[in-house]
Amino acid sequence: MTDNRFVNRSELIGILVLAVFLVVVLPLTLDVFRLNLVAKYLTYAFVALGLVICWGYGGILSLGQGVFFGLGGYCMAMFLKLEASSPENTKIQSTPGIPDFMDWNQITSLPYFWQPFHSLTFTIAAIILVPGIFALIIGTAMFKRRVGGTYFAIITQAVAAILTILIVGQQGYTGGINGMTDLRTLKGWDIRPDHAKVLLYFFEVGCLFVCIMIAQFIRHSKLGRILVAMREKEDRVRFSGYSVANFKIFAFCIAAVFAAIGGAMFALQVGFMSPSFVGIVPSIEMVIYTAVGGRLSILGAVYGTLLVNFAKTSLSETFPELWLFGLGGLFIAVVLAFPNGLAGIWGDYVQPRIDRLIPSRKPKPEGWTDSSVADGAPAE
Amino acid sequence: MSDEPNKGLLSPLRRKLLMGMAALPAITMLPKASFAQAPATSAVNTTGLAVTDTEVTVGILHSATGTMAISETGSIEAEKLAIEQINAMGGVLGRKIKFIQEDGASDWPTFAEKAKKLLVNDKVAAIMGCWTSASRKAVLPVVEQYNGMLYYPTFYEGLEQSKNVIYTGQEATQQILAGLNWIAKEKGAKSFFFVGSDYIWPRTSNKIARKHVENVLKGKVVGEEYYPLGNTQFNSVINKIKLTKPDVIFTDVVGGSNVAFYKQLKAAGIDLSKQALLTISVTEDEIDGIGGENIAGAYACMKYFQSLDNPNNKTFVPAFKKMWGEKTVIGDVTQAAYLGPWLWKLTVEKAGSFDVDKIAAASPGVEFKGAPEGYVRIHENHHLWSKTRVGRAKLDGQFELIFETADLVEPDPFPKGYQ
């Protein structure tokens, strides 16, 4: 607890290794198609990262992160869709200049809440603020009333279900179950060709590292320690004079904003957004990424996301009819054998050997390698 | 499960013969060139597709898992059957068709990802795939960007036309208008009640149906209700139906919701032998889940029923059952999926090339006389000319053909006066 820097030596090595892996190794070894897939997986890593802060450290299990992923993604997609719906591109419609799905639903003018999304600056602000404020409202409503644990998880699920129904039901304004498809350009720059995908990949990795650094900072700051304390014994923290609710709201908002950034990246990378990322199932999947990576490990979240999605893609390509069983088996195996996920394997088996080889100058500070932290029951 | 399919597998020769026989009607229309020496690969494939001197690769992209698997499995089976039959006849331009199957997993982004994989990595010459409108909308930008060829089997809402897609199902006006005309004339129907699932296909179909009822048939729509996909509570709409007493209930409820809808209709005492009900979303596949006793008497309006009595269908149905089991049923979309590989083969032979641009250009006018639904032809707009048929559901889960249009109906994806 004496180390006040926000990155210690072993973590710095870990971050550098991840950087080399993402920036050098993957782009050199993968073709553009596979690299674009990795870019898609990494958009979920933002969500997993947020969950590490919120669930791993704060002990707040949110089963509704898809909501924030979706809000961020839809904000981005609305901007891109407006740009793709120029009057020239949409001249076969009965009302040119509005998104195609509005035309199919007999809407004849652009709704007022779509208007500001002509501006990229507004869109970027909205990607951060809309989910942030939404999380603030939910968080305030729940945590100020001391709703927590499983009740909170259930409510987040309900929110995910409600938002999905809202999006599907208002298809004239949102594209309904089809979502917003055929996104083409960002400020006139075509996002579909290969070179654009590569550029977007590097931009995304850059953003990911900014978020990793923010997460590191939170974790090593006093705030991070309060979060851990809160997770372990909420009442003691409260009796010590801290406002538990505010800290919880903060952690939840950070997780929401991270998820939203991931969603926006997704819309850019994949070129569409649909309600299938908002609902309960994708939200739970996102928690699984974090669990596989190790919910206490910031870098583990990234590796976990990559591993699960790689497994998903390759299993489904090889066994198109049986792959779900394989994936299910993988989850059960990880949870049964390695409750702390990939990071747990690393911390228990690999790290000690490395430490023996390279003598450390200082005693190892707390973190996911520390079994007393890892053994807590954060979900409670 | 019956042991019939196993027996079939044990006797590959018999099966092959049967496949060949099922394809016989198509032989008559093959250009003579296809029996000649296969042309050089460099001549028929100038864009680097997966074509060798002996093989050509196509992709099959449907949901083998997830909620849509129950509907899409039939399409996968039909496409595999068509490919096997084409191979038994010598393939396409002297090349056997090899397929790569990918699972869209009932998830639209996955469809887009897999479509891209098939086109970019595997360089497939064509994709037979997609089912829901949402999956097609997700895949469409991909096939357009990478210049692929998609054969799409489902009846759908229209308002779309692409150089890179051949729509082997019916678009909304083709499917609906003749059926409404028939029921208005036959039953003297004046008032209609619409019930649908809440997404683009039912909404667009009902919009077209409403315009037709109000402007052409001079009737009235007394109610229009939508329910989310997967909804199982239809009591409130059934009460409204009882209050308004429409001449016809017109439904496009899809998927598993159908089971609840028809069971609740029956439980509420609505007798489909007295109350006319016209559905555009229930095929033999859905009746499998609904149960024949719950839906007997309802009318369905589409282009194909398993019970069609024509020589093509009489060879197609046994061949399908031979390959996939006696208990399988064949719905409208399954038949449309079967057309995909055949139309592609005929177009390739007409164009004399696997190049996508040449196939897209050669598609209009391609005709398939061996279609189980009867003769079909590709229109300039890449949809099919096809007949519209009305069938009445029977207790055994099959439809009895009641009415069919005299001529092929022209596909009109952007109908004037219906938008």
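Treat the numbers as computed from the prediction; the structure is a model and nothing was measured.

Conventions and cut-offs
- Residues numbered from 1 in each chain as written.
- Chains lettered and ligands numbered in written order.
- Predicted model: local features only at pLDDT ≥ 70, side-chain atom pairs only at ≥ 80, totals over all residues.
- Helix = DSSP H or I, 4+ residues; strand = E, 2+ residues; numbered from the N terminus.
- Rg over C-alpha atoms; globule rule 2.2 N^0.38 Å.
- Buried ≥ 20, exposed ≤ 12 C-beta atoms within 10 Å, placed from the backbone.
- Contact = placed C-beta atoms within 7 Å.
- Pairing = 2+ DSSP bridges.
- Axes fitted to C-alpha atoms, helices over the stretch in contact; angles between N-to-C directions.
- pLDDT = per-residue confidence, 0-100.
- Right-handed = clockwise from strand over helix to strand, strands pointing away.
- Core = buried A, V, L, I, M, F, W, Y, C linked by C-beta atoms within 7 Å.

*Asks:* What is the right way to look at the overall build of chain A in this model?
*Replies:* Of regular secondary structure, chain A possesses 16 helices and two strands. Its C-alpha atoms give chain A a radius of gyration of 21 Å, near enough to 21 Å, the size a compact globule of 380 residues would have. In terms of principal-axis extent, the alpha carbons of chain A reach across some 70 × 50 × 40 Å. Looking at chain A residue by residue over its 380 residues, the buried ones come to 46%. Within chain A, contacts between residues separated by at least 24 positions form 78% of all contacts whose residues are at least 6 apart in sequence.

*Asks:* Sorry, what's going on with the overall build of chain B here?
*Replies:* When you go through chain B residue by residue, the secondary structure sums to 15 helices and 15 strands. Since a compact globule built from 419 residues should have a radius of gyration of about 22 Å, the 21 Å found for chain B is in line with a globular shape. Taking the principal axes of its C-alpha atoms as reference, chain B extends roughly 70 × 45 × 40 Å. A buried classification covers 55% of the 419 residues belonging to chain B. Contacts in chain B between residues far apart in sequence, at least 24 positions, make up 74% of those at least 6 positions apart.

*Asks:* Got a minute to help me understand the environment of Gly291(B) in this structure?
*Replies:* On the secondary structure map, Gly291(B) appears in the loop between α11 (284–290) and α12 (292–295). A sequence separation of 44 residues divides Gly291(B) from Gln335(B), and the C-alpha atoms of the two residues are 21 Å apart.

*Asks:* Where do I start with the sheet that holds strand β8 (residues 248–252) of chain B in this structure?
*Replies:* In sheet architecture, strand pairing relies on hydrogen bonds along the backbone and comes in two forms, parallel and antiparallel. Residue and element names in this part refer to chain B. Read from one edge of the open sheet, seven strands run β7-β6-β8-β9-β10-β14-β15, paired in mixed fashion. Both outer strands of the open sheet, β7 (220–227) and β15 (399–404), are each paired with one neighbouring strand and no more. When the angles between neighbouring strand axes are averaged without regard to direction, this sheet yields 25 degrees. Summarising the sheet, β8 and strand β9 (residues 276–279) pair through four bridges and their orientation is parallel. Note that in β9 the partner of Phe250 across the bridge is Leu278. Packing of helix α8 (residues 200–216) onto the sheet brings it into contact with β6 (191–197), β7 and β8, and relative to β6 it is tilted by some 170 degrees.

*Asks:* I tried to follow the confidence of the model for chain A on my own but got confused; where do I start?
*Replies:* Detailed reading of the predicted coordinates is not advisable wherever pLDDT falls low. Looking at chain A as a whole, its pLDDT mean stands at 88, while 93% of the residues score no less than 70. This stretch, residues 363–380 of chain A, has a pLDDT under 50; its non-local contacts, to residues over four places away or in other chains, come to 29 contacts.

*Asks:* Is there a simple way to think about the confidence of the model for chain B in this case?
*Replies:* Residues and elements named next belong to chain B. Summing up the model confidence of chain B, the mean pLDDT is 89 and the portion of residues at 70 or higher is 91%. Low pLDDT (under 50) marks residues 1–10, which in the prediction has eleven contacts with non-local residues, meaning those over four places away or in another chain. Scoring the predicted complex yields pTM 0.84 and, for the interface, ipTM 0.79.

*Asks:* I'm lost on the pairing of β6(B) in this one. Help?
*Replies:* In the case of a regular strand, side chains alternate between the two sheet surfaces. All names here are of chain B. Counting buried residues along β6, six of its seven residues qualify, which places the element largely inside the surrounding structure. Bridge count between β6 and β7: seven bridges; the pairing is parallel. Paired with Ser191 across the two strands is Lys220, which belongs to β7. With α8 bridging β6 and the parallel β7, this β-α-β connection has right-handed handedness. Sheet analysis places β6 next to β8, joined by five bridges and oriented parallel. Residue pairing across strands places Phe194 opposite Phe250, the latter belonging to β8.

*Asks:* What exactly am I supposed to notice about the nonpolar core here?
*Replies:* In a soluble, globular protein the nonpolar side chains are often hidden away together inside. Counting residues in each nonpolar core, the largest one holds 227 residues, and the members touching the most others are Leu49(A) and Ile127(B). The leading source of residues in this core is helix α11 (residues 244–270) of chain A, at 20 residues. When residues no more than four places from it in sequence are discounted, the contact partners of Leu49(A) are Cys211(A), Ile212(A), Ala215(A), Phe258(A), Ile298(A) and Ala301(A).

*Asks:* I keep staring at the pairing of strand β2 (residues 96–103) of chain B and nothing clicks. Help me out?
*Replies:* All names here are of chain B. Looking at chain direction, strand β1 (residues 55–62) and β2 are connected through eight bridges and run parallel. Note on β2: the bridge partner recorded for Glu55 is Lys96. As a crossover connection, the stretch from β1 through helix α4 (residues 69–88) into β2 is right-handed.

*Asks:* Got a minute to help me understand the sheet that holds strand β13 (residues 384–385) of chain B in this structure?
*Replies:* All names here are of chain B. Judged by pairing direction, the sheet is antiparallel, and its three strands sit side by side in the order β11-β12-β13 without closing on themselves. In the strand order of this sheet, the two ends are held by β11 (367–368) and β13, each with one partner. In terms of strand pairing, β11 meets strand β12 (residues 376–378) through two bridges, oriented antiparallel. Bridging across to β12, Phe368 finds its partner in Val376.

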